[in-house]
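Spelled out from the first residue to the last, the chains are:
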Amino acid sequence: MTAYQPDALIAADIDAYLATHAAKSMLRFITCGSVDDGKSTLIGRLLYDSKTIFEDQLSQLEADSRRVGTQGANIDFALLVDGLAAEREQGITIDVAYRFFATEKRKFIVADTPGHEQYTRNMVTGASTADLAVILIDARKGVLTQTRRHSYLAHLVGIKEIVLAVNKMDLVGHDQSVFDAIVADYAAFAKTIGIERFTAIPLSGLTGANVTTPSPDIPWYDGPALLPRLETVAIDGDRAAAASFRMPVQWVNRPDLDFRGFAGLIASGRASVGDRVRIAPSGKTTSIARIVTYDGDRQEAIAGEAVTLVLAEEVDCSRGDVIAAAENPPEIADQFVARIVWMADAPLVPGRSYSLKLGTQLVGATVQPPRHVVDVNSQEERPADTLALNDIGLAEVYADRPIVFEPYAQGSALGGFILIDRATNATVAAGMIDHALRRAQNVHWQSAVITREAHARQKGQVPRVLWFTGLSGSGKSTIANMVEQKLHAMGRHSFLLDGDNIRHGLNRDLDFSEAGRVENIRRVGEVAKLMADAGLIVLTAFISPFKAERDMVRALLPEGEFVEIFIDTPLAVAEDRDVKGLYAKARSGEIAEFTGISSPYEAPERPEIRIDTTKETAEQAASRIVEHVLGIWSYDL
Ligand SMILES: Nc1ncnc2c1ncn2[C@@H]1O[C@H](COP(=O)(O)OS(=O)(=O)O)[C@@H](OP(=O)(O)O)[C@H]1O
Ligand SMILES: Nc1ncnc2c1ncn2[C@@H]1O[C@H](COP(=O)(O)OP(=O)(O)O)[C@@H](O)[C@H]1O
């Protein structure tokens, strides 16, 4: 038993108490298992025996134990962990709960993740920062599907230390042969998914056997009890310090012309004044002139510390860049293969542009249809077109500019990323980079001798993309055609892209599913960009129902070149016009996924121009658009 008396120390010498805490290393771990495995009871006992439960929590626990506990007059440790009232009522733990406790040797943060299959995303969230996973097994049941699932996920997110806690040994008479059989079974499985080592401990959360101290009930076991194991295992922080130096730049600190520092958290390795460093992705090298911290200048700093680096030479370096050891820099690529855990209710839309955040880097990125999806229960790979909630798949990711990274398996902070939905700003996936696609590195942009400016100058105009969006029958084609006629009559060089010349040719392979529409707009956007590069005024008339893709096209073009024109005709009016008789068919179910009826339309929030066709004639609208475009011209020229 760890004789640690924090209360006495706090009372006697608060400074000494705080100092002992500050100097201790921190182990982050997760516990995997279900309520039935006795997980909550086990964590509760760890907290209780390490004496870090606050007084008020303790009296609450005693009261709760008598009221709703399952242990009679004894304390029900599970109640400590199953914090939320709703969870208690359902008897399950449903989200990641983080808890802090400490012993005299170490500080701990434990993420308690639920065991149910549908909560893969919670488990991955809790596990992504953990050094160690405690995988619970009920000694009466042995290795179950969920044991395999938890182990697979823990290994997937890169946890190197696994403790197999064979719980409820009291219920199998502390029988060694039961324990040995479970360990042999687990070892055979662990090998198949690449887990190289694990520690198995026979214990009982209920009786406390082998939780904090060895138990006379289990004399045949001579390994460490659980807590001593947690207190002594090597932690990732040590590994990070031993790796090559990397510091993602958080911000550039430039208070005056004399000082320019790059602030960030050292992700790995150590930095000393004088060390040669390379800026990624630019590749420029220089050396560290100063290491500045809140407490003044330092000669050296290591992983986990927040510092400001001053470099010897003036080099281009900004937020999102990585300052790295010159002789061993990280990789740079814009296409790579990654394992992706999908965490949103709405499935992945292959080809859609999401925001990808890796460390301090933020880029636009699309995900290809997965190469396969892994069944977390059987670890089998199956084909799939997309990723749904809690799916784990291997897929190619295309970023819109090169990013600095390292394969996730190397344990680097530069290997993991998240995907964010541009429309809702919600995190939709966690990703782990496997490797870069080399093919991308061999394609170089052909820098044209005749620039886009030269093309535009020759035509005497400033290129624009006039992007019409609105429901079917809203008036996009009618108004866009009129605008083009007016521009043509004024001697402007233009081109109109609309459904007829695109969906029957370039995009004839695409349907009206979400993915089909996303790809339709992506291609139209790319074509519109090329035409704008050629100096043209491009007009496009597509429903383009999704904000994400319209924003993606906007981002493809130089600032101000994309003009979003929302043809804001109410559904009832468009349906009433029913120029092509399609609404009638959609209502009768003859056409599926029809915009406005059975497929969504996300109206632009801040279009450059909004046309209400119930208030303006097509002619009036066209004149207003031309004026807007000419207004921009006279301003620009
Ligand atoms: N299911 C479904 N939903 C919407 N529209 C349908 C559908 N099926 C066929 N059509 C006809 O296709 C035209 C829309 O094509 P778009 O390329 O503009 O659509 S999208 O931007 O990819 O959503 C649209 O033309 P417009 O009426 O000119 O908009 C329709 O005539
Ligand atoms: N103010 C208006 N602006 C544009 N079209 C209008 C207007 N009032 C009525 N219409 C009619 O609405 C229909 C719009 O069809 P269309 O231009 O093909 O739409 P979309 O290209 O958006 O599917 C045409 O028949 C057009 O004559």
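- As annotated in an unreviewed UniProt entry, the chain is Multifunctional fusion protein from Sphingomonas zeae.

1. A short note on the overall build of the chain
Piece 1. Across its full length, the chain carries 19 helices and 28 strands.
Piece 2. Residue burial in the chain is summarised as follows: out of 637 residues, 51% are buried.
Piece 3. Look at the contacts in the chain between residues 6 or more apart in sequence, and 71% of them connect residues 24 or more apart.
Piece 4. Summing over all exposed atoms, the chain offers an accessible surface of approximately 29300 Å²; the carbon and sulfur share of this is 52%.

2. Re the site of ligand 2
Piece 1. The full set close to ligand 2 counts 15 residues, and Gly473, Lys476, Ser477, Thr478 and Glu616 are the nearest of them.
Piece 2. Here an oxygen atom of ligand 2 sits 2.6 Å away from a polar atom, N or O, in the main chain of Gly473.
Piece 3. Burial of ligand 2 by the surrounding chains reaches 75%, relative to a free accessible area of 570 Å².
Piece 4. The leading source of residues in the shell around ligand 2 is helix H13 (residues 476-489), at 4 residues.
Piece 5. Of the residues in the shell around ligand 2, the class split is 4 nonpolar, 8 polar and 3 charged.

3. Focus: the UniProt feature "active site" (unreviewed entry) in the chain
Piece 1. In the numbering used here, UniProt assigns the "active site" (unreviewed entry) feature to Ser544.
Piece 2. By the element assignment, Ser544 lies in the loop between strand E26 (537-541) and helix H16 (547-556).
Piece 3. Excluding its chain neighbours within four sequence positions, the residues that come into contact with Ser544 are Trp467, Phe468, Thr469, Ile521, Arg550 and Tyr601.

4. Focus: the side chain of Arg260
Piece 1. With respect to the helices and strands, the residue Arg260 is situated in strand E8 (residues 259-265).
Piece 2. Within polar-contact distance, the side chain of Arg260 engages the backbone oxygen of Val315 at 3.2 Å.
Piece 3. Those residues in contact with Arg260, other than ones at most four positions away along the chain, are Val252, Asn253, Arg254, Leu309, Val310, Glu314, Val315, Asp316 and Cys317.

5. Quick look at the environment of Ala289
Piece 1. In this fold, Ala289 is placed in strand E11 (residues 285-293).
Piece 2. A residue is classified by how much of its surface remains accessible, and Ala289, at 35% relative accessible area, is partly exposed.
Piece 3. Distance from Ala289 to Glu549, taken between C-alpha atoms, is 45 Å for residues 260 residues apart in sequence.

6. Describing the UniProt feature "binding site: ATP" (unreviewed entry) in the chain
Piece 1. What UniProt calls "binding site: ATP" (unreviewed entry) maps, in this numbering, to Gly470, Leu471, Ser472, Gly473, Ser474, Gly475, Lys476 and Ser477.
Piece 2. With respect to the element layout, Ser474 can be found in the loop between strand E24 (464-469) and H13.
Piece 3. We classify Ser474 as buried; its relative accessible area is 0%.
Piece 4. Not counting residues up to four positions away in its chain, the partners in contact with Ser474 are Ile567, Thr569, Ala574, Arg577 and Thr613.

7. What about the pattern of salt bridges?
Piece 1. Under the defined criterion, the tally for this structure stands at 31 salt bridges.
Piece 2. Three or more residues joined by partner-sharing salt bridges are found here, namely Asp138, Arg140, Lys141 and Lys168.

8. Considering the sheet that holds E26
Consider a sheet: its strands pair through backbone hydrogen bonds, and that pairing is either parallel or antiparallel.
Piece 1. Pairing is parallel in the open sheet, where 5 strands are placed in the order E25-E26-E24-E27-E28. Each end of this open sheet is capped by a strand with a single partner; those strands are strand E25 (494-498) and strand E28 (609-611). Between one strand axis and the next, the sheet turns through 15° on average, direction left out of account.
Piece 2. Across 5 bridges, the pairing between E25 and E26 is parallel. What sits directly across from Leu497, in E26, is Thr540.
Piece 3. Lying over the sheet, H13 contacts E24, E25, E26, strand E27 (562-567) and E28, oriented at roughly 165° with respect to E26.
Piece 4. Docked against the sheet, helix H14 (residues 499-506) engages E25 and E26, running at close to 60° with respect to E25.

9. Observations regarding the site of ligand 1
Piece 1. In the neighbourhood of ligand 1, 19 residues make up the surrounding shell, with Ser472, Arg503, Asn520, Ser544 and Glu593 lying closest.
Piece 2. Residue Arg503 places a side-chain N or O atom 2.7 Å away from an oxygen atom belonging to ligand 1.
Piece 3. Within the backbone of Ala592, an N or O atom sits 3.3 Å from a nitrogen atom of ligand 1.
Piece 4. When ligand 1 sits alone it has 620 Å² of accessible area, and the protein chains cover 87% of it.
Piece 5. Ranked by residues supplied to the shell around ligand 1, first place goes to helix H15 (residues 514-533) with 3 residues.
Piece 6. Across the shell around ligand 1, the residue classes break down as 9 nonpolar, 5 polar and 5 charged.

10. Things to note about the packing of aromatic side chains
Piece 1. Counted according to the given criterion, the structure contains 11 aromatic pairs.
Piece 2. Ring geometry for Trp467 versus Phe562: centroids 5.9 Å apart, planes at 35°, classification tilted. Taken together, the residues Trp467 in strand E24 and Phe562 in strand E27 connect sequence positions 95 residues apart.
Piece 3. Judged by relative accessible area, Trp467 falls into the buried class, the value being 0%.
Piece 4. Within the aromatic cluster, the residues linked to one another by ring pairs are Phe179, Trp220 and Tyr221.
Piece 5. If you follow Arg352 out to its NZ or CZ, it ends over the ring of Phe546, 4.9 Å from the centre.
Piece 6. Here the guanidinium or amino end of Arg503 rests over the ring plane of Phe512, the centre of that ring lying 3.9 Å away.

Definitions and limits used
- Residues numbered from 1 in each chain as written.
- Chains lettered and ligands numbered in written order.
- Predicted model: local features only at pLDDT ≥ 70, side-chain atom pairs only at ≥ 80, totals over all residues.
- Heavy atoms only, no water.
- Helix = DSSP H or I, 4+ residues; strand = E, 2+ residues; numbered from the N terminus.
- Buried < 20%, exposed > 50% of the residue type's maximum accessible area, 1.4 Å probe, protein only.
- Contact = heavy atoms within 4.5 Å.
- Areas by Shrake-Rupley, 256 points an atom, 1.4 Å probe, with all protein chains shown as cover.
- Near = heavy atom within 4 Å.
- Polar contact = N/O pair within 3.5 Å; in protein donor to acceptor, adjacent residues only side chain to side chain.
- Nonpolar A, V, L, I, M, F, W, Y, C, P; charged D, E, K, R; others polar.
- UniProt positions renumbered as here; feature names shortened; annotations may be inferred.
- Salt bridge = Lys/Arg side-chain N within 4 Å of Asp/Glu carboxyl O.
- Pairing = 2+ DSSP bridges.
- Axes fitted to C-alpha atoms, helices over the stretch in contact; angles between N-to-C directions.
- Phe/Tyr/Trp six-rings, centres within 6.5 Å; stacked < 30°, edge-to-face > 60°.
- Lys NZ or Arg CZ within 6 Å of the ring centre and 35° of its normal.

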